[in-house]
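# Residue-level structure breakdown
Listed below are the residues making up each chain.
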Amino acid sequence: AGFHPVVLQYSPPRTRPSMQLRSQMASTVAAATLLLVGLVGHAAAAHESGRSEVTPVQKVIELMEGMLAKGKSEKHDEQVQFAAYKQFCDDTTVEKKRAIAEANEK
């Protein structure tokens, strides 16, 4: 039995992390939507039968609605943060270009 060395190679991600996150979030939302559609009929039937307690299906729906609201909130927060960062970068670029132009004139 011989020794076989293991060669590890770095493979950079094919997409930016934000694209991966968006893809994962879209998959999660799609799965949650399918689950929600399937469970709504069951929840409606339980409600019509006169049960006033929260069923497991209704609890799942509430949790999924909470996930959706949290996802939308986090997306909005990220958009606001990115807009502020982009503005900072744009302002800094203008300032640096002006400073370089002034230095080249002297």
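Just so we're clear, the structure is a prediction, and the values are computed from it rather than from any experiment. (Residues numbered from 1 in each chain as written. Predicted model: local features only at pLDDT ≥ 70, side-chain atom pairs only at ≥ 80, totals over all residues. Heavy atoms only, no water.)

Right, let's get into the overall build of the protein. When you go through the protein residue by residue, the secondary structure sums to 2 helices and 0 strands. Across the 106 residues of the protein, 8% fall into the buried class. Element-wise, carbon and sulfur atoms account for 61% of the exposed surface of the protein, whose accessible area totals about 9500 Å². (Helix = DSSP H or I, 4+ residues; strand = E, 2+ residues; numbered from the N terminus. Buried < 20%, exposed > 50% of the residue type's maximum accessible area, 1.4 Å probe, protein only. Areas by Shrake-Rupley, 256 points an atom, 1.4 Å probe, with all protein chains shown as cover.)

A separate point is the pattern of salt bridges. For the structure shown, the criterion picks out 3 salt bridges. One salt bridge connects K70 with E74, and the closest N-O pair in it is separated by 4.0 Å. In this pair, K70 and E74 are both assigned in helix α2 (residues 56–105), 4 residues apart and thus about one turn of the helix distant. Residue K70 is classed as exposed on the basis of its relative accessible area, which comes to 53%. (Salt bridge = Lys/Arg side-chain N within 4 Å of Asp/Glu carboxyl O.)

Below, the discussion takes up a nonpolar patch on the surface. A cluster of nonpolar side chains, F82, Y85 and F88, forms an exposed patch at the surface whose accessible area comes to about 380 Å². When you line up the elements, F82 lands in helix α2. (Patch = residues over 30% accessible without salt bridge, like charges linked within 9 Å, V, L, I, M, F, W, Y side chains within 5 Å.)

The next point concerns α2. For α2, with 50 residues, the first-to-last C-alpha span of 73 Å sits near the 74 Å given by 1.5 Å per residue. Of all the residues in α2, the buried ones are V57, I61, M64 and G71. (Expected span 1.5 Å × (residues − 1).)

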